[in-house]
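# Understanding the architecture of this molecule
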Amino acid sequence: EEADQVVEQLLADKDSILRYGGVYTLALAYAGTADNAAVKKLLHIAVSDTSDDVRRAAVTCLAFLLFKNPGQVPRLVQLLSESYNPHVRCGATLALGLSCAGTGSSEAIALLEPMAKDPVDFVRQGALIALAMILIQQTEASSPSLAPTRASFAKIISDKHEDPMARFGAAVAQGLIDAGGRNVTISLQSRAGSKNMGAIIGMALFCQFWYWYPLAHCASLAFEPTGIIGLSESLETPAFDFISNAKPSLFAYPAPTKPPTKEAIQKVETAVLSTTAKARAREREKEKAKAAEAGEAMETDEKKTEAKPKDDDASMKVDETDPSAKPAEDGAPATGKPKKQREPSSEKLSNLSRVTPAQLSYIAFPPEARFQPVRPVVVSSPSTGRAQKKGAIQRSVGGGGILMLLDKTPEEPIEWIEPATGVLRNIPVAQEDPEAAVAEADPPPPFEYPFGQEGK
């Protein structure tokens, strides 16, 4: 609220650049608060300002106000995403991407997929980047649109006839969706639920790639590593396991990209011209006529072979069944297809494993395990029932990251993970000999650099 006076002065200025700054000042001052007055002011600017840049920024800045309530943003910008003004549509794409980053929101994806085919190039650019933000660390099991989205990125990047702005957006999107080796997510809030100002500022600078594309690198300020790193009281990493009560395919890494295979060159049959076939047929007719005159009996293909008598003997019958088929056991029908293995409902993970924010609600430490976390990992239960069917967005606040562990049996020996002891601790520290120390060189004498006289 202390910034309200400055915001009012900037928004009332005649210069569109100052009004543009006023929009971002308002968004950063009320970041994460979902303040109704600030949201109404941005919506009013988005439909009434005379500058396209200011209108685009006003729609984009809705994400900074509502990133703690990502489920509200798709309904809020639904009409703006269908605006006649392409700048407003572009702002709607970034608002959806920033607010719903890493959630896999089906509502946001449904709005962005048509805009990825928009006739305006910079709208397609924003839609591709927003799709990558939303689908980061998602799998095909959790988001069915992941595979076609990745395919569209590769197609647009490789298409030389595509608009440069759309290709740039696809290239940035490809980097965002696989950011950090697929071990990071995009989040504007901390694990405890408070706003992360470094990430907010990073994304505010990222949005300025419209004017200077190197600012796209500032998106890395919003990257948050996802995983569980268990530490003992001596800040070392012991070896232990914990349980993920979800199917492995739900949070698995995507399959590695396969290199293009070389197709084997097949020989094509030589084409036979119709004139050649007719000439050969005439030659055969002449040969037949000559043989008939010589009194030789000519065998032709038109003669039917005499049918062989049927043998009723059972020993002459041929078994036409497939020799590879196995007899059915216990009266069950025999099938040649292998039985599909059922996917387990849980998996065991070790220390230093990747655990996505959506996976945290499925993590459990067995009660009989030696190491237990000081604070619980599970904060919010997985969405079930009606909320899950509607595609409600669930965020797990807290948990994950670095966990301090309690050792239930400290008297027993501990098995440490190799990086903690195997390499670093066993390296001997070099002892310096004070007598062998070499005297430092004297600093150079002071001098004045001849500025402006380099060429003389």
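Preceding block: the structure.
This report concerns the structure included in the present document. (Residues numbered from 1 in each chain as written. Predicted model: local features only at pLDDT ≥ 70, side-chain atom pairs only at ≥ 80, totals over all residues. Heavy atoms only, no water.)

What follows covers the sheet that holds strand E8 (residues 401-407). Reading across the sheet, the 3 strands line up as E3-E8-E7 and stay open at both edges, with mixed pairing between neighbours. On the outer flanks of this sheet lie strand E3 (228-231) and strand E7 (371-373), each paired with one strand and no other. Across the sheet, the mean angle from the axis of one strand to that of its neighbour is 45°, orientation sign disregarded. Direction of pairing for E7 relative to E8: antiparallel, over a ladder of 3 bridges. Bridge pairing in E8 links Gln372 to Leu406. (Pairing = 2+ DSSP bridges. Helix = DSSP H or I, 4+ residues; strand = E, 2+ residues; numbered from the N terminus. Axes fitted to C-alpha atoms, helices over the stretch in contact; angles between N-to-C directions.)

In this structure, the second largest pocket spans a volume of roughly 240 Å³. Around the second largest pocket, the lining comprises 15 residues; the ones closest to its centre are Glu140, Leu146, Arg150, Pro254 and Ala255. By residue class, the composition of the lining of the second largest pocket is 8 nonpolar, 4 polar and 3 charged. (1 Å grid on protein atoms, 1.4 Å probe; cavity = no way out; pocket = protein on both sides within 12 Å on 5 of 7 lines; lining within 4 Å. Points joined across faces, edges and corners; volume = space filled by probe spheres on them. Nonpolar A, V, L, I, M, F, W, Y, C, P; charged D, E, K, R; others polar.)

Moving on to empty space enclosed by the protein. Scanning the model with the defined rule gives 3 cavities of 30 Å³ or more in all. If you add up the space inside the largest cavity, you get close to 90 Å³. For the largest cavity, the lining is made up of 13 residues, of which Arg56, Cys90, Leu94, Cys207 and Trp210 are closest to its centre. Elements with a contribution of two residues or more to the lining of the largest cavity: helix H2 (16-29), helix H4 (52-60), helix H7 (86-99) and helix H9 (121-134). Each residue belonging to the lining of the largest cavity can be placed in one class, and the counts come to 9 nonpolar, 3 polar and 1 charged.

The next thing to look at is unusual backbone geometry. Here the phi dihedral of Ala34 falls at roughly 55°; this positive angle occurs in a residue that is not glycine. With respect to the helices, strands and loops of the structure, Ala34 is situated in the loop between H2 and helix H3 (36-48). At Leu235, a residue that is not glycine, the phi angle is positive and equals roughly 60°. Its place among the elements puts Leu235 in the loop between E3 and strand E4 (241-244).

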